[in-house]
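Descriptive analysis of the structure
Residues per chain are reported as follows:
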Amino acid sequence: MSKSFAFELSRRKLLAGTAATVALGATVGNAKAQTPIAQALAAGRPSLSKVSFTVNGAAREFELDTRTTLLDALREHLHLTGTKKGCDHGQCGACTVIVDGRRINSCLTLAVMHDGDSVTTIEGLGTPDNMHPMQAAFVKHDGYQCGYCTPGQICSAVAVLDEIKSGIPSHATADLNAPVAFSNAELRERMSGNICRCGAYSNIAEAITEVAGRQV
Ligand code: FES
Ligand code: FES
């Protein structure tokens, strides 16, 4: 038997053995009892789950596909379209909402994870006739151009000032033993997850700084 033929044989045996092992593993995996979600997915149907949380002060209850993000629950199920879908990958901040006082990217979290939580969207901060101070400051300082990132910017800015007031440090905080103070560096670091493709950053910073001057 030539050397190359012997090598070919052993390579075939190896491939056949590997395939058998994979097939056996899949059979064992299928045989194991799967979670209800896995069973539903395997059967090609959505796995539904009940969830209830408060949105802008109103109690809401849904039965949702467990894969629904908080962003899609807000936009598609509650028709609160003020919260924007920019990247859907946690990279732009357009979908920022406030959950139990903390800002989060609603595209990166599943709605079913928020049972019992309190969610605030841009619609819950203020109305055109009765704007939140941060909304009013954005209008005054022209802190937007197309406005697509603006709801996320405003929700984030509101939460940022609360973070600073609560003494939560950031990567830009120089002295962790001193009280956290508002500064341009703190503002830019904390707002860095909110991208503005129109580049309205200087006006956004002016708006937030004005509100911070009154609050922090
Ligand atoms: Fe969520 Fe961009 S849409 S971070
Ligand atoms: Fe257009 Fe920010 S105002 S993306």
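The structure under discussion appears in the preceding block.
On a predicted model such as this, the values are computed, not experimentally measured, just so you know.

Okay, the sheet that holds strand 1 (residues 48-55) next. Read across the sheet, five strands follow the order 2-1-5-3-4 without closing on themselves; strand pairing throughout is mixed. Taken across any chain shown, the strands that pair with only one partner, and hence form the sheet edges, are strand 2 (58-65) and strand 4 (102-105). Each strand of the sheet is rotated relative to its neighbour by a mean of 40 degrees, with strand direction disregarded. Of the strands in this sheet, strand 1, strand 2, strand 3 (96-99), strand 4 and strand 5 (118-120) are in contact with helix 3 (residues 70-77), which crosses strand 2 at around 105 degrees. In the packing of helix 6 (residues 150-165) onto the sheet, the strands contacted are strand 3 and strand 4, and the crossing angle to strand 3 comes to about 40 degrees.

Right, let's get into helix 5 (residues 133-140). Helical periodicity: at 3.6 residues per turn, an α-helix aligns residues three or four positions apart in one direction. Of all the residues in helix 5, the buried ones are Met134, Gln135, Ala137 and Phe138. Summarising the axial view, the buried residues of helix 5 lie within an arc of 160 degrees, below the 170-degree limit, and thus occupy one face. On its buried side, helix 5 packs onto helix 4 (122-125), helix 6 and helix 8 (201-215). One or two residues past the end of helix 5 sits Asp142, with phi positive at roughly 55 degrees.

Another point: the pairing of strand 4. For strand 3 and strand 4, the ladder comprises four bridges, and the chain directions are antiparallel. Bridging across to strand 4, Val97 finds its partner in Ile104. In this structure, the hairpin formed by strand 3 and strand 4 is closed by a connection of two residues, where Asp100 is found at a positive phi of approximately 50 degrees.

It is worth spelling out the pairing of strand 3 at this point. Where burial is concerned, the two faces of strand 3 agree: the one with Thr96 and Ile98 and the one with Val97 and Val99 are both buried. With two bridges joining them, strand 3 and strand 5 adopt antiparallel strand pairing. From the neighbouring strand, Val99 faces strand 5, where its bridge partner is Val119.

Within the element layout of this structure, Asp65 appears in strand 2. Residue classification places Asp65 among the buried positions, given a relative accessible area of 19%. A distance of 2.8 Å separates a polar atom in the side chain of Asp65 from a polar atom in the side chain of Arg67.

The next point concerns the packing of helix 5 against helix 8. Two quantities define a packed helix pair, namely the angle between the axes and the distance from one axis to the other. Viewed as axis vectors pointing N to C, helix 5 and helix 8 meet at an angle of 135 degrees, and their least axial separation amounts to 8 Å. Taken together, the axes of helix 5 and helix 8 lie oblique to each other. Handedness of the crossing formed by helix 5 with helix 8: right-handed. Across the interface between the two elements, Pro133, Met134, Ala137, Phe138 and Lys140 of helix 5 pack against Ile204, Ala207, Ile208, Glu210, Val211 and Arg214 of helix 8.

Right, let's talk about unusual backbone geometry for a bit. A positive phi angle, close to 50 degrees, is found at Asn56, a residue other than glycine. Mapped onto the elements of the fold, Asn56 is located in the loop between strand 1 and strand 2. A relative accessible area of 29% means that Asn56 is categorised as partly exposed. In this structure, Asp88 takes a positive phi of about 65 degrees despite not being glycine. On the secondary structure map, Asp88 appears in the loop between helix 3 and strand 3. In this structure Asp88 comes out as partly exposed when scored by relative accessible area, which is 32%.

What counts and how
- Residues numbered from 1 in each chain as written.
- Chains lettered and ligands numbered in written order.
- Predicted model: local features only at pLDDT ≥ 70, side-chain atom pairs only at ≥ 80, totals over all residues.
- Heavy atoms only, no water.
- Pairing = 2+ DSSP bridges.
- Helix = DSSP H or I, 4+ residues; strand = E, 2+ residues; numbered from the N terminus.
- Axes fitted to C-alpha atoms, helices over the stretch in contact; angles between N-to-C directions.
- Contact = heavy atoms within 4.5 Å.
- Buried < 20%, exposed > 50% of the residue type's maximum accessible area, 1.4 Å probe, protein only.
- Arc of directions from axis to C-beta.
- Polar contact = N/O pair within 3.5 Å; in protein donor to acceptor, adjacent residues only side chain to side chain.
- Parallel < 35°, antiparallel > 145°, perpendicular 65-115°, else oblique.
- Left-handed = near helix turned anticlockwise from the far one by under 90°.

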